[in-house]
Amino acid sequence: MADREGERETMEREKIRRWLVPAVMILSVVLMGWYLCQLQGQDRVSDAKLEDVTAAVTKTLDTKAMQESDSQMIKRLYGLNPADYAGIALYYPATNMDAEELLIVQLKDVSQQETVKAAIESRLETQKNSFEGYGMEQFALLEKSVVDVEGNYILFVVNEQAAKAQSAFLQAL
């Protein structure tokens, strides 16, 4: 009788071992894959030139309603000092009646991401407040704006072709 109970316990342990070991191995592989994906996508620094990234993005957009900015306009609209960054390209509305805008920032260091994201959020909120209630088309564009942070590059685009611009941005990096 004791032998049968011992055999049953041994069989039970063997059954558990048969499914537990593969389950633990599969879970380990999945977790390792997830971890590697996280490392790969995290703060990836690109050596692409700002001019090349900007050219790739502007090819996807109709920039006729926008004008290229200077350092003063970047400071005025975003509160960012261009000298603090590796480079900034800003195309902003030619008139106060438009909301189309393109900002590409090349950071000197990924630690600057939060500062730039806060400046973009502030600008976006200001623009939404400006167009709320009367500029419904412009407000809708602002609602569909794209902000993409990729390591040492940040993209902000308000345009009908924002998704295409984002795709070009990612390919240029």
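Whatever comes next refers back to the structure up there.
Below is a summary of the structure that appears in this document. What you see is a predicted model, and the numbers here were worked out from it, not measured in a lab.

### A look at the overall build of the chain
When its secondary structure is counted, the chain shows six helices and five strands. When the elements of the chain are put in sequence order from the N terminus, they spell out α-α-β-α-β-β-α-α-β-β-α. Taken against the 2.2 N^0.38 rule, which gives 16 Å for 173 residues, the C-alpha radius of gyration of the chain at 26 Å runs more than 25% over that of a compact globule. With the C-alpha coordinates aligned to their principal axes, the bounding extent of the chain is approximately 95 × 40 × 25 Å. Residue burial in the chain is summarised as follows: out of 173 residues, 38% are buried. Here the contacts in the chain between residues at least 6 apart in sequence split such that 60% fall between residues at least 24 apart. A total of about 11,200 Å² of accessible surface is found on the chain, and carbon and sulfur atoms cover 52% of it. Computed over 18 positive and 27 negative side-chain charges, the separation of the two mean positions in the chain equals 6 Å.

### Thoughts on helix H4 (residues 113–131)
For H4, which comprises 19 residues, the first-to-last C-alpha distance of 27 Å matches the rise-based estimate of 27 Å (1.5 Å per residue) to within 8%. Taken as a whole, H4 has its buried residues at Gln113, Val116, Ala119, Ile120, Arg123, Leu124, Gln127, Lys128 and Phe131. Buried-residue contacts for H4 involve helix H3 (71–78), strand S2 (87–93), strand S3 (101–106), helix H5 (136–143), strand S4 (146–150) and strand S5 (153–158). In the stretch just after H4, Gly133 is the one whose phi turns positive, near 95°.

### Notes on the layout of surface pockets
Taking a probe equal in size to a water molecule and rolling it over the atoms shows the remaining empty space. If you add up the space inside the largest pocket, you get close to 220 Å³. For the largest pocket, the lining is made up of 14 residues, of which Arg76, Leu77, Asn96, Arg123 and Gln127 are closest to its centre. Elements with a minimum of two residues in the lining of the largest pocket: H3, S2 and H4. Split into classes, the residues belonging to the lining of the largest pocket amount to six nonpolar, five polar and three charged.

Basis of the calculations
- Residues numbered from 1 in each chain as written.
- Predicted model: local features only at pLDDT ≥ 70, side-chain atom pairs only at ≥ 80, totals over all residues.
- Heavy atoms only, no water.
- Helix = DSSP H or I, 4+ residues; strand = E, 2+ residues; numbered from the N terminus.
- Rg over C-alpha atoms; globule rule 2.2 N^0.38 Å.
- Buried < 20%, exposed > 50% of the residue type's maximum accessible area, 1.4 Å probe, protein only.
- Contact = heavy atoms within 4.5 Å.
- Areas by Shrake-Rupley, 256 points an atom, 1.4 Å probe, with all protein chains shown as cover.
- Lys, Arg positive; Asp, Glu negative; His and termini not counted.
- Charge placed at Lys NZ, Arg CZ, Asp CG, Glu CD.
- Expected span 1.5 Å × (residues − 1).
- 1 Å grid on protein atoms, 1.4 Å probe; cavity = no way out; pocket = protein on both sides within 12 Å on 5 of 7 lines; lining within 4 Å.
- Points joined across faces, edges and corners; volume = space filled by probe spheres on them.
- Nonpolar A, V, L, I, M, F, W, Y, C, P; charged D, E, K, R; others polar.

These figures capture arrangement, not role.
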